[in-house]
Amino acid sequence: MYGIEAINANNGWAISVVGVSIVFSGLVTLSLVISRLYKVLALWENPSLIKEFFSAKKPEDDFEEVSIDIPAEMKIEDIKDLAGFKEVAKQFSLLVRTMEDHFSLSRLLHLAKTSDLKDPHENLNNLLATRIIISDGAGLFTWDKERFDKAVS
């Protein structure tokens with residue numbers, strides 16, 4: 001028996017598939033090793049990088065520091081675009097619901113920017129001026145639900 005009949009009779013197809021798989025996985029592994037070899041060589045030349053890599057890292061916040069001077073109290077009727085302010089106040093209230101009772105303004109501003117709210121700095125300033133957002137005296141702020149309900153009704 002010769003040719004294709006011999007291959008079929010002696011499990012030749014399965015053996016060839018296994019061989020091709022072994023060669024392919026070996027080549028993939030070799031290419032990954034070669035592509036990362038420069039990092040291993042950099043560690044070999046400078047062992048202090050290993051200590052830096054495994055040293056404890058502090059989690060860094062992606063939030064910008066915001067220092068806002070709380071404006072003098074303003075009445076809701078003094079706002080130029082009252083309908084727009086009510087809509088923005090509703091959007092900010094939804095953002096505040098996702099946060100804890102006491103929140104930081106930088107976090108709220110970050111959420112407003114990522115939510116693509118219109119003029120987040122100005123609107124946050126208006127919420128502070130109308131005392132919908134109130135300082136708790138410890139660097140955090142709270143949402144005054146009663147004043148918000150009066151403003152949007």
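Keep in mind it's a predicted model, so treat the numbers as computed, not measured.

Of the volumes computed, that of the second largest pocket is approximately 170 Å³. Along its surface, the second largest pocket is lined by S93, V96, R97, M99, E100, D101, W143, K145 and F148. Residue assignment for the lining of the second largest pocket shows that the elements contributing at least two residues are α5 (82-97) and α8 (145-152). Here the lining of the second largest pocket takes three residues from α5, the largest share from any one element.

This brings us to the UniProt feature "transmembrane region" (unreviewed entry) in the protein chain. UniProt annotation of "transmembrane region" (unreviewed entry) refers to residues 12-34 when read in the numbering used here. Taken as a whole, residues 12-34 contains 100% helix and 0% strand, while its terminal C-alpha atoms sit 33 Å from one another.

Below, the discussion takes up the packing of α5 against α8. Two elements in contact, α5 and α8, have axes separated by 10 Å at closest approach and are oriented at 145°. Considering only the axes of α5 and α8, their crossing is left-handed. Residue-level contacts link K86, A89, K90 and S93 of α5 to F148, A151 and V152 of α8. By residue class, the composition of the contact of α5 with α8 is four nonpolar, one polar and two charged.

Okay, unusual backbone geometry next. With a phi close to 65°, D116 is a non-glycine residue in the positive phi region. With respect to the secondary-structure elements, D116 resides in the loop between α6 (105-114) and α7 (120-129). Its relative accessible area of 67% is what places D116 among the exposed residues. Here the phi dihedral of D119 falls at roughly 45°; this positive angle occurs in a residue that is not glycine. Mapped onto the elements of the fold, D119 is located in the loop between α6 and α7.

This brings us to a nonpolar patch on the surface. On the surface, a nonpolar cluster with roughly 500 Å² of combined accessible area is contributed by L43, L49, I50, F53 and F54. With four residues, the top contributor of residues to the nonpolar patch is helix α4 (residues 48-54). For L49, the position within the fold is in helix α4. Looking at L49, the relative accessible area reads 32%, which means it is partly exposed.

This paragraph deals with α7. Counting buried positions over the ten residues of α7 gives seven, a clear majority of the element. Within α7, burial applies to P120, N123, L124, N126, L127, L128 and A129. R131 sits one or two residues past α7 and shows a positive phi near 65°.

On to the confidence of the model for the protein chain. Averaged over every residue, the pLDDT of the protein chain is 82; the share at 70 or more is 83%. Looking across the protein chain, the model is least confident in α4, with a mean pLDDT of 77, and most confident in helix α2 (residues 12-35), with 95.

Two elements in contact, α5 and α7, have axes separated by 11 Å at closest approach and are oriented at 90°. The angle between the axes of α5 and α7 places the two elements in the roughly perpendicular class. Contacts between α5 and α7 pair F85, V88, A89 and F92 from the former with P120, N123, L124, N126 and L127 from the latter. Of the residues assigned to the contact of α5 with α7, the class counts are seven nonpolar, two polar and no charged.

Conventions adopted
- Residues numbered from 1 in each chain as written.
- Predicted model: local features only at pLDDT ≥ 70, side-chain atom pairs only at ≥ 80, totals over all residues.
- Heavy atoms only, no water.
- 1 Å grid on protein atoms, 1.4 Å probe; cavity = no way out; pocket = protein on both sides within 12 Å on 5 of 7 lines; lining within 4 Å.
- Points joined across faces, edges and corners; volume = space filled by probe spheres on them.
- Helix = DSSP H or I, 4+ residues; strand = E, 2+ residues; numbered from the N terminus.
- UniProt positions renumbered as here; feature names shortened; annotations may be inferred.
- Axes fitted to C-alpha atoms, helices over the stretch in contact; angles between N-to-C directions.
- Left-handed = near helix turned anticlockwise from the far one by under 90°.
- Contact = heavy atoms within 4.5 Å.
- Nonpolar A, V, L, I, M, F, W, Y, C, P; charged D, E, K, R; others polar.
- Buried < 20%, exposed > 50% of the residue type's maximum accessible area, 1.4 Å probe, protein only.
- Patch = residues over 30% accessible without salt bridge, like charges linked within 9 Å, V, L, I, M, F, W, Y side chains within 5 Å.
- Areas by Shrake-Rupley, 256 points an atom, 1.4 Å probe, with all protein chains shown as cover.
- Salt bridge = Lys/Arg side-chain N within 4 Å of Asp/Glu carboxyl O.
- pLDDT = per-residue confidence, 0-100.
- Parallel < 35°, antiparallel > 145°, perpendicular 65-115°, else oblique.

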